[in-house]
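Survey of secondary and tertiary structure
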Amino acid sequence: MAHLPDGPERDALRAEIVAAWTPLSERLAGRFRNRGEAIEDLKQVAALGLVKAVDRYDPDRGTPFIGFAVPTILGEIKRHFRDNLWDLHVPRHMQELRNRVYAARRDLLTGMDERGPTVRDIAAHAELTEDEVRLGMEAINSYSAQSLDEPLRHFDAYSLLDSLGTADPALDTVTDREAVKPCLHRLPPRQQKILYLRFFRDMTQVQIAQELGISQMHVSRIISRTCAQLRQEALK
C-alpha cells in the first residue's frame, strides 16, 4: 500500500488491511474494560488508532507492522481516557501515577484480607515512594466527581449537598457588632430598650409605642437618631 499512488486501488487495499487487523484493535480495547467507558466506545477509539497506524506505517524502516500498530492503538486509547474521562483536570504525570497506583492496588488485592494493601505495600509493588503513592491515591479520587444529589450512605433521605455547610451571613456583621457594642452600653436606658424591642424582639414601632406609652412618630425619631449616633461613634 505504501508504494501505491492515491486512488481506488490504494483505498481498497487500505480498507482490507484495516479489516484484517480489526480483531487486534478490539482485543487491545478489551484490556480497558470496566474503567468507566463502554466497550463499544473503546473499540471505536481503538479502530481510530488502527487507522492511524495503517496510514503512518513505513515498511522501509524494517519494523513489523504489529510492532508499530500495538503502541499506536494503545496510545490512542490512553489519550482518550486522559482527555475525555477525567472530571477534574489532572496533569499527565499525575494521571500516569494514578494508573500505576491503581494497577498495583488491584494486583495486591488478590489473596489479601479485607484490610487491603497499605501505602507501603503499594509503594514496594509499584516501585514508587510512599509520597508518590499518596499523590496517586488523591488522583484516583479526581477521576470521577461525586454528585451533590447523591444520597448519603445509610441516610437515603439526605444528599451530600444537605451535609455541606453554607456561609453564615452573621459572620459579615461580627466586626460591626463588636464595634457598636461599647456604644450601646453608653446609651440611656430608654434608648437601649427601644433598640432591643425593635431589633431583638422584632416588635413594630406601633407595638413599642403602645408598650412605652409614647407616639409611634416619637419612637421612629428615637430609632433614627440613635442609629445615626451609633454609626458615627463606631466609625470614629
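Conventions and cut-offs
Residues numbered from 1 in each chain as written. Predicted model: local features only at pLDDT ≥ 70, side-chain atom pairs only at ≥ 80, totals over all residues. Heavy atoms only, no water. Axes fitted to C-alpha atoms, helices over the stretch in contact; angles between N-to-C directions. Helix = DSSP H or I, 4+ residues; strand = E, 2+ residues; numbered from the N terminus. Parallel < 35°, antiparallel > 145°, perpendicular 65-115°, else oblique. Contact = heavy atoms within 4.5 Å. Nonpolar A, V, L, I, M, F, W, Y, C, P; charged D, E, K, R; others polar. Salt bridge = Lys/Arg side-chain N within 4 Å of Asp/Glu carboxyl O. Buried < 20%, exposed > 50% of the residue type's maximum accessible area, 1.4 Å probe, protein only. Polar contact = N/O pair within 3.5 Å; in protein donor to acceptor, adjacent residues only side chain to side chain. Patch = residues over 30% accessible without salt bridge, like charges linked within 9 Å, V, L, I, M, F, W, Y side chains within 5 Å. Areas by Shrake-Rupley, 256 points an atom, 1.4 Å probe, with all protein chains shown as cover.

Under an unreviewed UniProt entry, the name given to the chain is SigB/SigF/SigG family RNA polymerase sigma factor, and the organism recorded is Streptomyces humicola.

Take the packing of helix α9 (residues 189-199) against helix α11 (residues 216-234) next. Here α9 crosses α11 at 100 degrees, and the two axes come no closer than 10 Å. Classed by the angle they form, the pair α9 and α11 counts as roughly perpendicular. In this structure, α9 contributes Arg-190, Gln-191, Ile-194, Leu-195, Arg-198 and Phe-199 to the contact, and α11 contributes His-218, Val-219, Ile-222, Ile-223, Thr-226, Cys-227, Gln-229 and Leu-230. Of the residues belonging to the contact of α9 with α11, the class tally is 8 nonpolar, 4 polar and 2 charged.

A separate point is the pattern of salt bridges. In this structure the tally under the stated criterion is 12 salt bridges. When the shortest N-O distance is used, the salt bridge between Glu-211 and Lys-193 registers 4.0 Å. Placement of Glu-211 in helix α10 (residues 205-212) and of Lys-193 in helix α9 is noted, with a sequence separation of 18 residues between them. Residue classification places Glu-211 among the partly exposed residues on the basis of a relative accessible area of 45%. Using a relative accessible area of 38% as the deciding quantity, one classes Lys-193 as partly exposed. What emerges from the salt-bridge pattern is a single network uniting Arg-120, Glu-130, Asp-131 and Arg-134.

This brings us to the side chain of Arg-10. Looking at the element boundaries, Arg-10 is found in helix α1 (residues 8-30). When its relative accessible area of 18% is taken as the criterion, Arg-10 is described as buried. At a separation of 3.5 Å, a polar atom in the side chain of Arg-10 contacts the main-chain carbonyl oxygen of Leu-4. Discounting residues that sit within four places of it in the chain, Arg-10 has contacts with Met-1, Leu-4 and Pro-5.

Our next topic: a nonpolar patch on the surface. Together, Tyr-196, Phe-199 and Phe-200 line one region of the surface with nonpolar side chains, adding up to about 370 Å² of accessible area. With respect to the helices, strands and loops of the structure, Tyr-196 is situated in helix α9.

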